[in-house]
Amino acid sequence: MKTFYWRVDAFQPDDRIMDRAGFIIRQGGLVAFPTETVYGLGADALNAAAVERIFTAKGRPADNPLIVHVRSIEQVYSLVAALPDRALKLARAFWPGPLTMVLPRSREVPDAVTAGLDTVAVRMPAHRVALALINAAGTPIAAPSANASGRPSPTTAEHVRQDLDGRIEAVIDAGPAPVGVESTVLDLTTAVPVILRPGGVTRRRLMELIGNVAVHPEKTEGPPRSPGMKYRHYAPGAPVILVEGASAALVRNKMRELAAGFAGRGMKVVILASSESAGYFRDYRCVTYGRHAEPATVAAGLYDALRRCDELAPDVIVAEGVEPGGMGTAVADRLRRAASEIIKVTR
Ligand code: AMP
Ligand code: MG
């Protein structure tokens, strides 16, 4: 299949292009499109055959459910069995935006979307192109990240091309996704809502609005609440040794020690670090992911940095950790998921 690439303005997408893309979705095709978090791979959420093609194109395990994207709160009513008050409150406060809500599903939603769960994940993206696409398609759009399963999520159309060229009908390119990490996934089916995946909306902001919010522990017994989180995610080809610690100096020293050890054994080492730390690794290939002092820049740059690490074909990647807190929480979570080993330095 030949994949079409359409370049549009992020704030004023061309109506004719959006109509063509919407038509593809209505016909059961797949269109990759920008959202504020990452690029999504969209299909008509109410067409089971179309949704199944997403799993084939990505190589995604069938038990990993998809997020359904809407352009209005009205659209949510057809997807859910009930819309509790606190969900409505959250939608009014954070939509459009990087908050996904897990709610009891309606019968309209195909099993392929929810992986057979009795819940459905919904969100309204804060991106003109995404909203225009849902509008043009005239249907909610099921969309996971537009990467091949197991690869870092795509934050540019070029990343999508690398993973899915020839496997999908079209890619809408509107430049880099501004946030850079996926949405916060919040389960609203329990008495105390639970964050299943940290993302663009922080726990503190949620708690300011609806009171106590729990965080899903990294390791649990029994079946995972968010099936997607059990897979090794966002992982480059080479092992990632992640170094976290009390101060930047301690972390850098440990990273240098590790890198020297690997290099001494003849391994090709790539350093993944903040722009502030890059100067300490002049004698290595160093890929930077953004400014440590501003976690939002790390969020925006992390997935591209992981892909650039891959392109250098290292034997090992030594990575500088990010402290949780605010946007740092989502970034630290993704770095830990990419890591094969986490080393904590305290002194
Ligand atoms: P992606 O869009 O590729 O970032 O993946 C969607 C994420 O949302 C995965 O981690 C899924 O497991 C999670 N998700 C989607 N639907 C549900 C649901 N009904 N319940 C819990 N988690 C969900
Ligand atoms: Mg994904």
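Each chain has its residues counted from 1, running along the sequence as written. Each chain gets a letter, beginning with A, and each ligand a number, beginning with 1, in the order they are written. Residue-level local features of this predicted model are given only where pLDDT is at least 70; pairs of side-chain atoms are given and counted only at 80 or more, and the full residue set underlies all totals for whole chains, interfaces and linings. The side-chain quantities take in all heavy atoms of the structure and omit both hydrogens and water.

A few points about the overall build of the chain
- Secondary structure summary: the chain contains eleven helices and 16 strands in total.
- In terms of C-alpha radius of gyration, the chain reaches 20 Å, essentially the compact-globule figure of 20 Å for 347 residues.
- Each principal axis of the C-alpha distribution contributes one length, and for the chain these read about 60 × 50 × 35 Å.
- Out of the 347 residues in the chain, the part that is buried amounts to 57%.
- Counting only carbon and sulfur atoms, one obtains 51% of the accessible surface of the chain, whose full area is about 14600 Å².
- Charge convention: Lys and Arg are scored as positive, Asp and Glu as negative, and His as well as the terminal groups of each chain are ignored. A single reference atom marks each charge: NZ on Lys, CZ on Arg, CG on Asp, CD on Glu. Where the 42 positive side-chain charges of the chain centre and where its 36 negative ones centre are 2 Å apart. The secondary structure listing takes helices from DSSP runs of H or I that are at least 4 residues long and strands from runs of E that are at least 2 residues long, numbered from the N terminus. Computation of the radius of gyration draws on C-alpha atoms, with the globule rule given as 2.2 Å multiplied by the number of residues to the power 0.38. Throughout this description, buried means an accessible area under 20% of the type-specific maximum (1.4 Å probe, protein chains only), exposed means over 50%, and partly exposed covers the range between. What sets the accessible areas is the Shrake-Rupley method with a 1.4 Å probe; for residues, cover comes only from the shown protein chains.

Considerations on the side chain of Ser153
- Mapped onto the elements, Ser153 comes out in the loop between β7 (141-142) and α7 (157-164).
- Of the residues examined, Ser153 reaches a relative accessible area of 1% and is grouped as buried.
- Think of a polar contact as two N or O atoms within 3.5 Å of one another; within protein, one of them needs to be a possible hydrogen donor and the other a possible acceptor, and neighboring residues in sequence only count if both atoms come from side chains. Side-chain polar atoms of Ser153 contact the side chain of Glu182, separated by 2.4 Å.

Here's the deal with the pairing of strand β12 (residues 240-245)
- Within β12, five of the six residues are buried, which leaves it mostly tucked inside the rest of the structure.
- As judged from the four bridges shared by β12 and strand β15 (residues 316-320), these two strands associate in the parallel manner. Within β15, the position partnered with Val240 by the bridge is Ile317.
- The pairing of β12 with strand β16 (residues 341-345) spans five bridges and is classified as parallel. Counted as the bridge partner of Ile241 is Glu341 from β16. A pair of strands is labelled paired if DSSP reports no fewer than 2 bridges between them.

What about the packing of aromatic side chains?
- The aromatic pairing rule takes the rings of Phe, Tyr and Trp, using the six-membered ring of Trp, and pairs them if the centres are within 6.5 Å, calling planes under 30 degrees apart stacked, those over 60 edge-to-face and the rest tilted. Per the counting criterion, the structure on display carries one aromatic pair.
- Ring centres of Phe4 and Trp6 lie 5.7 Å apart, and the angle between their planes is 10°; on these two criteria the pair is classed as stacked.
- Residue Phe4 is classed as partly exposed on the basis of its relative accessible area of 39%.
- The exposure class assigned to Trp6 is buried, which follows from its relative accessible area of 10%.

Remarks on helix α4 (residues 85-94)
- Taken together, the buried positions of α4 are Ala87, Leu88, Leu90, Ala91 and Phe94. Looking straight down α4, one finds its buried side chains confined to an arc of 160°; they lie on one side. Within α4, the exposed residues directed more than 90 degrees away from the buried face are Asp85 and Arg92.
- Summarising the contacts, the buried residues of α4 are in contact with α3 (73-77), β5 (99-104), β9 (184-187) and α8 (203-210). As used here, the arc belongs to the directions running from the helix axis to the C-beta atoms. Contacts between residues were defined by any pair of non-hydrogen atoms, one from each residue, lying within 4.5 Å.

Here we look at the sheet that holds strand β8 (residues 170-173)
- Here eleven strands make up an open sheet; going across it, the order is β1-β8-β2-β3-β7-β4-β6-β5-β9-β10-β11 and the pairing mixed. Among the strands making up the open sheet, the edge pair consists of β1 (4-7) and β11 (214-215).
- Note that strand β4 (residues 67-69) and strand β6 (residues 119-123) share three bridges and pair parallel. The residue bridging Ile67 from the neighbouring strand is Ala121, located in β6.

A word on the confidence of the model for the chain
- Looking at the chain as a whole, the pLDDT averages 94, with 95% of positions reaching at least 70.
- In predicted models, pLDDT denotes the confidence assigned by the predictor to each residue on a 0 to 100 scale. Per-element confidence in the chain is highest for strand β2 (residues 31-34), whose mean pLDDT is 99, and lowest for helix α11 (residues 327-338), whose mean pLDDT is 93.

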